[in-house]
Amino acid sequence: MKKKLIAGNWKMNGSIEANDGLVRAVLAGMGTPGCAVAVCVPAPYLAQLQMLRAASALELGAQDVSAHDKGAYTGEVSAAMLREFGVRYAIVGHSERRQYHGETDVLVADKAKAALAQGITPIVCVGETLAQREAGQTEEVVKRQLAAVIHANGHCVSELVVAYEPVWAIGTGKTASPQMAQAVHAVLRAQLRAATPQADRVQILYGGSMNAANAAELLAQPDIDGGLIGGASLKAADFLTIVTAAGRA
Ligand code: PEP
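Given the structure is predicted, the values throughout are model-derived calculations rather than measurements. (Residues numbered from 1 in each chain as written. Predicted model: local features only at pLDDT ≥ 70, side-chain atom pairs only at ≥ 80, totals over all residues. Heavy atoms only, no water.)

1. What to know about the pattern of salt bridges
As a working rule, side chains carrying opposite charge can pair if their charged atoms are close by.
Reasoning step 1: What the rule picks out here adds up to 16 salt bridges.
Reasoning step 2: Glu 159 serves as the salt-bridge partner of Arg 201, at 3.4 Å between the closest nitrogen and oxygen. Within this pair, whereas Arg 201 is found in the loop between helix 8 (178-195) and strand 7 (203-207), its partner Glu 159 is found in the loop between helix 7 (138-153) and strand 6 (161-164), the two being separated by 42 residues in sequence.
Reasoning step 3: Residue Arg 201 is classed as partly exposed on the basis of its relative accessible area of 44%.
Reasoning step 4: Overlapping salt bridges bring together Lys 2, Arg 189, Asp 223 and Asp 225 as one network. (Salt bridge = Lys/Arg side-chain N within 4 Å of Asp/Glu carboxyl O. Helix = DSSP H or I, 4+ residues; strand = E, 2+ residues; numbered from the N terminus. Buried < 20%, exposed > 50% of the residue type's maximum accessible area, 1.4 Å probe, protein only.)

Quick look at the structure:
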């Protein structure tokens, strides 16, 4: 059976002191986890995290990556730069970047491609807004977002991680029910199967107010292969409870 993946998304949170406490507590409680575990941290803290995680099972992730290799792109961070800090995952197309930075499906697909070219696994986020769900457009929206990434990445599709993150559930305390989430995951799985014979090895994560209380039930769904965790990844005890639930699921 494929291992689940629990990836924390710290968003724009942290300080050198707070990170130290959080990561030490996670490492102390994690032992040998029964699932893959990562934290996606703000870029300035990658060096600190690289040291803190040392040779542990805690993988390092970035929250974004440039679609470009290098050059006059002020403020951007390339996949090759991330690689130098031992980064294993990069979130691409998070709804906050689509919403506040105008990231399009094509740009997200190019970012995924740039990450893959450096051996970094993109965590490709897809998800509908509340208005789109209420208009019955969920399936159409997530399929369109994923299709762009499949189109740009051809035979590398099996190397992706996909995260279904309903926008209305992110940071709101509203979670998709396990059945609602599973239904969308099944749609994404079918889309991946049409694109690659290795679709079943792609981890499809759920993200959106996953927490210590609801993780086990979500992770028990057949097509939910892990979680992308925002708020709860900033509390060591909650994050560890989710990691344990994933190890048992
Ligand atoms: C996220 O930012 O990817 C996320 C899922 O956030 P939260 O868990 O806080 O809803």
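2. Some points on the nonpolar core
The nonpolar side chains of a soluble globular protein tend to be buried, and buried together.
Reasoning step 1: Core analysis: the biggest nonpolar cluster contains 65 residues, and Ile 6, Leu 188, Leu 192 and Tyr 206 have the highest contact counts within it.
Reasoning step 2: If one sorts the elements of this core by residue count, helix 10 (residues 236-248) sits on top with 7 residues.
Reasoning step 3: Setting aside residues up to four positions removed in sequence, Leu 188 forms contacts with Val 126, Val 142, Leu 146, Val 162, Tyr 164 and Ile 204.
Reasoning step 4: In terms of nonpolar packing, the next biggest core, distinct from the first, is built from 12 residues, Ile 91, Ile 123, Cys 125 and Leu 228 among them. (Core = buried A, V, L, I, M, F, W, Y, C linked by side-chain atoms within 4.5 Å. Contact = heavy atoms within 4.5 Å.)

3. Quick look at the site of the ligand
Reasoning step 1: Taken together, 14 residues are adjacent to the ligand, and Lys 11, Glu 165, Gly 171, Ser 209 and Gly 230 come closest.
Reasoning step 2: One of the side-chain nitrogen or oxygen atoms of His 94 is found 2.9 Å away from an oxygen atom of the ligand.
Reasoning step 3: In the model, an oxygen atom of the ligand is placed 2.8 Å from a nitrogen or oxygen of the Gly 231 main chain.
Reasoning step 4: For the shell around the ligand, a count of residues per class yields 4 nonpolar, 8 polar and 2 charged. (Near = heavy atom within 4 Å. Polar contact = N/O pair within 3.5 Å; in protein donor to acceptor, adjacent residues only side chain to side chain. Nonpolar A, V, L, I, M, F, W, Y, C, P; charged D, E, K, R; others polar.)

4. A closer look at the sheet that holds strand 8 (residues 226-229)
Reasoning step 1: Ordered by their spatial adjacency, 8 strands build a closed barrel running 1-2-3-4-5-6-7-8, and the pairing between neighbours is parallel. Adjacent strand axes in the sheet meet at a mean angle of 25° when their direction is disregarded.
Reasoning step 2: For strand 2 (residues 36-41) and strand 3 (residues 58-62), the ladder comprises 5 bridges, and the chain directions are parallel. Within strand 3, the position partnered with Val 41 by the bridge is Ala 62.
Reasoning step 3: Taken strand by strand, helix 5 (residues 105-117) contacts strand 4 (87-92) and strand 5 (121-126), and its axis lies near 160° from that of strand 5. (Pairing = 2+ DSSP bridges. Axes fitted to C-alpha atoms, helices over the stretch in contact; angles between N-to-C directions.)

5. A short note on the environment of Val 87
Reasoning step 1: Residue position: Val 87 is located in strand 4.
Reasoning step 2: For Val 87 and Glu 159, which are 72 residues apart along the polypeptide, the C-alpha to C-alpha distance reads 15 Å.
Reasoning step 3: With near-sequence residues (within four places) excluded, Val 87 lies in contact with Leu 46, Leu 60, Gly 61, Ala 62, Leu 82 and Ile 120.

6. So, helix 10
Reasoning step 1: For helix 10, which comprises 13 residues, the first-to-last C-alpha distance of 18 Å matches the rise-based estimate of 18 Å (1.5 Å per residue) to within 8%.
Reasoning step 2: Looking at helix 10, one finds that the buried residues are Ala 236, Phe 239, Leu 240, Ile 242, Val 243, Ala 245 and Ala 246.
Reasoning step 3: Packing partners of the buried residues in helix 10 comprise strand 1 (5-9), helix 1 (16-30), strand 2, helix 9 (215-219) and strand 8. (Expected span 1.5 Å × (residues − 1).)

7. Here's the deal with the packing of helix 1 against helix 2 (residues 46-53)
Reasoning step 1: Helix 2 packs onto helix 1 with a crossing angle of 30° between their chain directions and a minimal axis gap of 10 Å. On the basis of their axis angle, the class for helix 1 and helix 2 is roughly parallel. In the packing of helix 1 onto helix 2, the handedness of the crossing is right-handed. Each of Ile 16, Asn 19, Asp 20, Val 23, Arg 24 and Leu 27 in helix 1 lies in contact with helix 2, whose residues at this interface are Gln 48, Leu 49, Leu 52 and Arg 53.
Reasoning step 2: Taken together, the residues that form the contact of helix 1 with helix 2 break down as 5 nonpolar, 2 polar and 3 charged. (Parallel < 35°, antiparallel > 145°, perpendicular 65-115°, else oblique. Left-handed = near helix turned anticlockwise from the far one by under 90°.)

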